[in-house]
Amino acid sequence: MTNKEYKELVEAKYGKSLKEIMYELCVDRRLDKWDGAKILDVPEKTFVAWRTQFRFGPDQLRYDYAVKKRIESISEYKEQLENINLRRKFTHNKDKSLKGFRELVERKMELEKSRRTLLEEEDSFSDMSVLIRIGMLEGVLNYLDEYEKHEKNIEAHFLKEVEMMELFLNREV
C-alpha cells in the first residue's frame, strides 16, 4: 500500500484529518514511532513520514518551541525598549554607590536585550551568549533587590541556602 492509501484508511477509521490524528498521537500522547505506527496499523516508515510532514517529531517540536519562545522574548524585549534611549546620560555617572551600580547593571541589561533583538536568527551561538549575559544581569539585580531590602538577616538567609544545597546533594559542602 502507498502512504496515500494508508492515509485514506486512517482518516476514514478515525473520522478526522491525518494532521489531527498525528497531533493527538505525537504531541498530546507523546508516542514514539513504534507505538504510533502500531496504533494506526501502518508501517513505521509511513508513520515517520507523516510525523515529519507535520513537524511533530520530538526534535522538530523542540526546535519549533525554541523558535516560538525566542520570537516571544524578542517581542517582549522590543516592547520593553520601545521608549528607551540607550544613549541617554547616566543619572549616577560619578557615584560609587549601589544606586550607581544598579543603574549600570540595568543599562547593560537594556543593551544586551537590544543586542538580542538585532541578532540574526541563524547565529545561535551569539544568541545563547546574549541570553546568558541577560540572565546573569537579571540575577545581579535580584541580589541587589534582596540586599537593599535586607528585611531578613542576610547571613541567616545565605546559610539556609547552603543547607538547602546540602540537602539536595545529600552531603555537606
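To be clear, the structure that these remarks concern was listed above.
Residues numbered from 1 in each chain as written. Predicted model: local features only at pLDDT ≥ 70, side-chain atom pairs only at ≥ 80, totals over all residues. Heavy atoms only, no water.

### As for the nonpolar core
Core analysis: the largest hydrophobic core is formed by 15 residues, its most contacted members being Val-10, Met-22, Leu-40, Val-42, Phe-47 and Trp-50. Residue contributions to this core peak at five residues, all from helix 2 (residues 18-28). Residues Val-105, Met-109, Leu-137 and Leu-141 belong to the second largest nonpolar core, which totals five residues. (Core = buried A, V, L, I, M, F, W, Y, C linked by side-chain atoms within 4.5 Å. Buried < 20%, exposed > 50% of the residue type's maximum accessible area, 1.4 Å probe, protein only. Helix = DSSP H or I, 4+ residues; strand = E, 2+ residues; numbered from the N terminus.)

### Some details on the packing of aromatic side chains
The geometry of an aromatic ring pair comes down to the distance between the two centres and the angle between the two planes. For the structure shown, the criterion picks out two aromatic pairs. A ring pair is formed by Tyr-23 and Phe-56, whose centres lie 5.5 Å apart and whose planes are at 75 degrees; its orientation type is edge-to-face. In this pair, Tyr-23 sits in helix 2 while Phe-56 sits in the loop between helix 4 (44-53) and helix 5 (58-81), placing the two residues 33 residues apart along the sequence. On the basis of relative accessible area, Tyr-23 is assigned to the partly exposed category, the value being 39%. Three or more aromatic residues joined by ring pairs make a cluster, and in this case those are Tyr-23, Phe-54 and Phe-56. (Phe/Tyr/Trp six-rings, centres within 6.5 Å; stacked < 30°, edge-to-face > 60°.)

### Describing the environment of Asp-64
Turning to its location among the elements, Asp-64 is positioned in helix 5. Given a relative accessible area of 28%, Asp-64 falls into the partly exposed group.

### Quick notes on the packing of helix 1 (residues 3-14) against helix 4
Between helix 1 and helix 4, whose axes approach to 11 Å, the crossing angle comes to 80 degrees. Considering their axes alone, helix 1 and helix 4 lie roughly perpendicular with respect to each other. Taking contact as the criterion, the partners of Asn-3, Tyr-6, Lys-7 and Val-10 in helix 1 are, on helix 4, Thr-46, Ala-49 and Trp-50. For the contact of helix 1 with helix 4, the class distribution of residues is four nonpolar, two polar and one charged. (Axes fitted to C-alpha atoms, helices over the stretch in contact; angles between N-to-C directions. Parallel < 35°, antiparallel > 145°, perpendicular 65-115°, else oblique. Contact = heavy atoms within 4.5 Å. Nonpolar A, V, L, I, M, F, W, Y, C, P; charged D, E, K, R; others polar.)

### Points about helix 8 (residues 154-169)
Between its first and last C-alpha atoms helix 8 spans 23 Å; for 16 residues at 1.5 Å apiece the expected length is 22 Å, and the two agree. Remark: Asn-170 follows helix 8 within two positions and exhibits a positive phi of approximately 60 degrees. (Expected span 1.5 Å × (residues − 1).)

### Focus: the environment of Pro-43
Structurally, the position occupied by Pro-43 is in the loop between helix 3 (33-40) and helix 4. The class of Pro-43 is partly exposed, set by a relative accessible area of 34%. C-alpha of Pro-43 to C-alpha of Asn-3: the two residues are 40 residues apart in sequence and 9.2 Å apart in space. When sequence neighbours within four positions are dropped, the list of residues in contact with Pro-43 reads Tyr-6 and Ala-37.

### Here's the deal with the pattern of salt bridges
In the structure shown here, the tally under the stated rule is 17 salt bridges. The partner of Lys-7 in a salt bridge is Glu-11, and the shortest N-O contact between them spans 3.7 Å. In this pair, Lys-7 and Glu-11 both sit in helix 1, four residues apart, roughly one turn of the helix. On the basis of relative accessibility, which here comes to 21%, the residue Glu-11 falls in the partly exposed class. (Salt bridge = Lys/Arg side-chain N within 4 Å of Asp/Glu carboxyl O.)

### A word on a nonpolar patch on the surface
A cluster of nonpolar side chains, namely Phe-90, Leu-98, Phe-101, Leu-104, Tyr-147 and Ile-154, defines an oily patch on the protein surface of about 530 Å² accessible area. Sorting elements by how many residues they give to the nonpolar patch places helix 6 (residues 98-118) first, with three residues. (Patch = residues over 30% accessible without salt bridge, like charges linked within 9 Å, V, L, I, M, F, W, Y side chains within 5 Å. Areas by Shrake-Rupley, 256 points an atom, 1.4 Å probe, with all protein chains shown as cover.)

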